[in-house]
Amino acid sequence: MFKRDWDRRTCAKRGHTTYAPSEPDLRERLHAATALGDAWRCLRCGDFALGDPDGSGPAENAPLVPRGKALRDLFILRFLAVERVLRGVLIILAAWAVWKFSNSQNAVRDLFDQDLTTFKPVADHFHYDLDHSPVVDTIRKTFDYKHNTLVIVAVALLAYALIELVEGVGLWLGRRWAEYLTVIATAAFLPLEGYELTEHVTAFKIGTLALNVLAVLWILVSKRLFGLRGGVEAFEAERHSASFLEVETSAGTV
């Protein structure tokens, strides 16, 4: 079965990351002299790359380059980040629409009633009762909302959008605080999403709820949040144990 090589795939897109450690034995294993010049092993994929190293110094100061499982996890986090940012943008548009509507309710009501009168003969032809339509009734109810109520709704939507955007940026950068924020904020809205399904079931709502549940569970378990599976200490130990320099250092002491 074909297995995706996340390390080489990332290096092919972003280039190699090399480092020259000051420790002689480790430096020797990461360096190769070729007819074309010096080459250094990439800290991500392990291949040799021609040219000067990107950095040098003690091995403990080398950048911790995500590789293997950590790199795959970062890809998933960035997928969630894009989803959060897109959702935040849509919510901002919704907030803007609510605010605009709050300032022109009467004009929108007149336009709606005018269009409804125009479409009534067509609805009657298909035996659809517009006067008692649940959709039409719901729209008419919004015309009775007070201006201040609609402004509060718009502000609440903007606050929600801000949370989504902050989550998205933090997840893209791989920040641990963003993982906590995503789990807490997403879990807080799960009961509301479940309630909406009891009111009206759609494939989009089911997909959104499933994605959010899976996202919460995956982040909780894989990132060891709230002390799960050893907590942050175990998470950092796992990251460092997968570091290319850590692997090379261990190999040299065997």
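Residues numbered from 1 in each chain as written. Predicted model: local features only at pLDDT ≥ 70, side-chain atom pairs only at ≥ 80, totals over all residues. Heavy atoms only, no water.

Here the focus is the overall build of the protein. Helix and strand counts for the protein come out as ten helices and five strands. A buried classification covers 33% of the 254 residues belonging to the protein. A separation threshold of at least 6 residues defines the contact pool for the protein, and within that pool the share at least 24 residues apart is 66%. For the protein, the accessible area works out to roughly 15900 Å², and carbon and sulfur atoms hold 65% of it. (Helix = DSSP H or I, 4+ residues; strand = E, 2+ residues; numbered from the N terminus. Buried < 20%, exposed > 50% of the residue type's maximum accessible area, 1.4 Å probe, protein only. Contact = heavy atoms within 4.5 Å. Areas by Shrake-Rupley, 256 points an atom, 1.4 Å probe, with all protein chains shown as cover.)

What follows deals with the environment of Gly88. Its location among the elements puts Gly88 in helix α3 (residues 69-102). Remark: the alpha-carbon pair of Gly88 and Ala159, spanning 71 residues in sequence, is separated by 9.7 Å. Not counting chain neighbours up to four residues away, the residues in contact with Gly88 comprise Ala161, Glu164 and Leu165.

Moving on, we come to the side chain of Arg67. Structurally, Arg67 is set in the loop between β5 (56-57) and α3. Buried and without a salt bridge, Arg67 has Asp7 as its closest oppositely charged side chain, separated by 4.5 Å. Polar contacts involving the side chain of Arg67 include one to the main-chain carbonyl oxygen of Arg44, which spans 3.0 Å. (Lys, Arg positive; Asp, Glu negative; His and termini not counted. Salt bridge = Lys/Arg side-chain N within 4 Å of Asp/Glu carboxyl O. Polar contact = N/O pair within 3.5 Å; in protein donor to acceptor, adjacent residues only side chain to side chain.)

What follows is about the environment of Gly68. Assignment of secondary structure puts Gly68 in the loop between β5 and α3. Those residues in contact with Gly68 that lie beyond four places of it in its chain are Trp6 and Asp7.

Taken as a whole, this structure holds eight salt bridges when the rule is applied. As a salt-bridge pair, Arg84 and Glu167 come within 3.2 Å of each other at their nearest N and O atoms. With a gap of 83 residues between them, Arg84 in helix α3 and Glu167 in helix α6 (residues 147-172) connect regions that are remote in the sequence. Among the residues examined, Arg84 registers a relative accessible area of 0% and is labelled buried.

What links the strands of a sheet is backbone hydrogen bonding, and the strands pair in either a parallel or an antiparallel sense. Pairing in this open sheet of three strands is antiparallel, and the strands run β2-β3-β4 from one edge to the other. The open sheet has two free edges, formed respectively by β2 (31-34) and β4 (48-50), since each of these has just one partner strand. In this sheet, adjacent strand axes meet at a mean angle of 30° when their direction is disregarded. In the sheet, β2 pairs with strand β3 (residues 37-41) via four bridges, with the strands oriented antiparallel. Across the sheet, the residue bridging to His31 is Trp40, located in β3. (Pairing = 2+ DSSP bridges. Axes fitted to C-alpha atoms, helices over the stretch in contact; angles between N-to-C directions.)

Here we come to a nonpolar patch on the surface. There is a patch of nonpolar side chains on the surface, built from Val82, Leu86, Val169, Trp172 and Leu173 and spanning about 470 Å² of accessible area. When contributions to the nonpolar patch are tallied by element, the ones reaching two or more residues are α3 and α6. Within the element layout of this structure, Val82 appears in helix α3. (Patch = residues over 30% accessible without salt bridge, like charges linked within 9 Å, V, L, I, M, F, W, Y side chains within 5 Å.)

The angle between the axes and the distance between the axes are what describe a pair of packed helices. Relative to each other, helix α7 (residues 176-199) and helix α8 (residues 203-222) sit at 150°, their axes nearing to 9 Å. Here α7 is positioned roughly antiparallel relative to α8, judged by the angle of their axes. For the pair α7 and α8, the sense of crossing is left-handed. In this structure, α7 contributes Glu179, Thr182, Val183, Thr186, Ala187, Leu190, Glu193, Gly194, Glu196 and Leu197 to the contact, and α8 contributes Lys205, Ile206, Thr208, Leu209, Asn212, Val213, Val216, Ile219 and Leu220. Looking at side-chain class alone, the contact of α7 with α8 contains ten nonpolar, five polar and four charged residues. (Parallel < 35°, antiparallel > 145°, perpendicular 65-115°, else oblique. Left-handed = near helix turned anticlockwise from the far one by under 90°. Nonpolar A, V, L, I, M, F, W, Y, C, P; charged D, E, K, R; others polar.)

Let us look at the environment of Thr10. By the secondary structure assignment, Thr10 is in helix α1 (residues 6-14). Classification of Thr10 by relative accessible area gives buried; the value is 9%. It is 8.5 Å that separates the C-alpha atoms of Thr10 and Arg44, two residues lying 34 residues apart in sequence.

A separate point is α8. When the terminal C-alpha atoms of α8 are compared, their 28 Å separation across 20 residues agrees well with the 28 Å that a helix rising 1.5 Å per residue should span. What α8 keeps buried is the set Leu209, Asn212, Ala215, Val216, Ile219, Leu220 and Ser222. Following α8 by one or two positions, Arg224 adopts a phi angle in the positive range, close to 55°. (Expected span 1.5 Å × (residues − 1).)

In this section: the pairing of β3. One ladder, built from three bridges, connects β3 with β4; its direction is antiparallel. Paired with Ala39 across the strands is Leu50, a residue of β4. Counted along the chain from β3 to the antiparallel partner β4, the turn is six residues long, and its residue Gly46 has a positive phi close to 90°.

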